[in-house]
Each structure stands twice: as structure tokens, then as C-alpha cells.
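Structure at a glance
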Amino acid sequence: MSIASNLNTIKASLPEHVTLVAVSKTKPVSDLLQAYEAGQRIFGENKIQEMTEKWEQMPKDIQWHMIGHVQSNKVKFMAPFVSLIHGVDSLKLLQEINKQAVKNNRTIDCLLQIYIAEEESKFGLDENELNELLTSVEFKELKNIRILGLMGMATFTEDQNQIKKEFTHLKSIFDSIKDRKTENCNLSTISMGMSGDYQLAIECGSTMVRIGSSIFGGR
Ligand SMILES: *Cc1c(COP(=O)(O)O)cnc(C)c1O
């Protein structure tokens, strides 16, 4: 199957309120261009350097999403152009993003990553840390970032019940904070679901799915 037909099949299966992030990490620009020509404008990458190189080579009406773990010292490279940072998991990182946003005279949209899996290797805040961050004085001072919602990754397992439990947990955390509206916080997005579990994620309340291998093939 071609990239364009994979993309069209997936898009046709998504409800209207769900945004598709085409995860193009490790794939060559020629593959991304096929998705672009088929109409895709939102791409997700997990390495800042790779995303920056692709941004330089690709059409400029693309929205670039950083979906991987972010190191503070690399934020400056993507600050001029990144459209949404999914994996924000500390106040310190948020402060660095804000600082680089100021330098670029813009506001950078972010999602806070929540730890929902039963795996040591995954990043994210727990519910207490999330509430602490959102209610802190330091957070209120950040005028050049905007929190649009939450992101989470389920455990890598075949157990559908386990995955469902974790997605439902993320949705319930989202529901508990979604009415909190400040100048730098307007919560509408739940980024959860990948190639193997996006249908389940949508059933559990996802509004943004990050799909790579089902569009571009295995990595
Ligand atoms: C790679 C990646 C995806 C996409 O995974 P697929 O299984 O290829 O769809 C989604 N989210 C994150 C954070 C990723 O790193």
C-alpha cells in the first residue's frame, strides 16, 4: 500500500474532532512529501535535530509537532517554528520553552505529558505533580507558553484492558482540570493513541492521535 492510500484510509476512519499527527521519525523527506501531497499538514518527530532538518527542507505550511522527550538545551533549535510540544514534563522545561519563545517573539503551545504506563522507561508527571505545576506561582509568570492539554503513552502490551485502563485514567485526569482557564492554559486536547491502539484511545476520549508505522510502514 502507498503512503497516500494508508493516510486516506486512516483519515476516513477518524471522527471529525480527532486530529491526526503523522509520525514521520526516521523516514526520509521523500516519504513525508508523499504524505504532504496527499494533504497531510501535521507531522510529528521525536528528535529535535531531525525535525529541524526536515523543517528546512519541507514546505513551510506544515505544522511540526515534537512528540519525543525534550532536552532543555535543545529547545532553542525548534523554538522558531515548532507548532506543538507534546512531551513537556517539568516546570523547568516549561520555563526554558517560555524563555526561547520570548526570544522568538511568539507563544509556543505545549501539552503536559502524564505518566500513565506501568513502565519505568516512560516519562511524565503524575497527577499530584500536574496539579502542583498548574497552581504554582512560577507557572503563572510564563506568558509565552500556552498549555493546550495532556499527552500520554500506554504500556507496550497486548493486554487491551490494561491499555484501556491507562487511557481512561488520562481522560479522568484531563476532566478534573479541564475547566481551569488562565491566560496560558486552555485545555482542549488529549494526545493519546498510536498505530496499534488509536481506535481504543479514541473510544476513551482522545482528540489527537500520533500515527507512524500504519502510514509510513515499519521502522
Ligand atoms: C513513534 C511514536 C509514535 C508513533 O508510533 P507508531 O506505532 O509507529 O504509530 C507515537 N507517539 C510517540 C511518542 C512516538 O515516539
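Looking at an unreviewed UniProt entry, one finds the protein named Pyridoxal phosphate homeostasis protein and attributed to Flavobacterium cutihirudinis. Note on the protein: under the UniProt heading Function (unreviewed entry), the record states "Pyridoxal 5'-phosphate (PLP)-binding protein, which is involved in PLP homeostasis." Per its UniProt entry, the protein bears the Cofactor (unreviewed entry) comment "pyridoxal 5'-phosphate".

Close contacts around the ligand come from Val23, Lys25, Ile67, Met151, Met153, Met194, Ser195, Arg210, Ile211, Gly212, Ser213 and Arg219, and that covers them all. Lys25 is positioned such that a nitrogen or oxygen atom in its side chain is 2.7 Å from an oxygen atom of the ligand. Notes on the ligand: free accessible area 390 Å², of which the protein chains cover 90%.

Now for the packing of aromatic side chains. Scanning all chains against the criterion turns up 2 aromatic pairs. With a centroid separation of 5.8 Å and 35° between ring planes, the pair formed by Phe43 and Trp64 is classed as tilted. With Phe43 in strand β2 (residues 42-45) and Trp64 in strand β3 (residues 63-66), this pair connects stretches of sequence that are 21 residues apart. The class of Phe43 is buried, set by a relative accessible area of 0%. Here Trp55 and Phe81 contribute two aromatic rings whose centre-to-centre distance is 4.1 Å and whose plane-to-plane angle is 0°, an arrangement assigned as stacked. One end of the pair, Trp55, is in helix α3 (residues 48-57); the other, Phe81, is in the loop between α4 (75-78) and β4 (84-88), with 26 residues separating them in the sequence. One residue, Arg41, lies across the ring of Tyr36, its end atom 3.6 Å from the ring centre. Lys60 extends its terminal NZ or CZ atom over the ring of Trp55, reaching a point 5.5 Å from the ring centre.

About the cut-offs
- Residues numbered from 1 in each chain as written.
- Predicted model: local features only at pLDDT ≥ 70, side-chain atom pairs only at ≥ 80, totals over all residues.
- Heavy atoms only, no water.
- UniProt positions renumbered as here; feature names shortened; annotations may be inferred.
- Near = heavy atom within 4 Å.
- Polar contact = N/O pair within 3.5 Å; in protein donor to acceptor, adjacent residues only side chain to side chain.
- Areas by Shrake-Rupley, 256 points an atom, 1.4 Å probe, with all protein chains shown as cover.
- Phe/Tyr/Trp six-rings, centres within 6.5 Å; stacked < 30°, edge-to-face > 60°.
- Helix = DSSP H or I, 4+ residues; strand = E, 2+ residues; numbered from the N terminus.
- Buried < 20%, exposed > 50% of the residue type's maximum accessible area, 1.4 Å probe, protein only.
- Lys NZ or Arg CZ within 6 Å of the ring centre and 35° of its normal.

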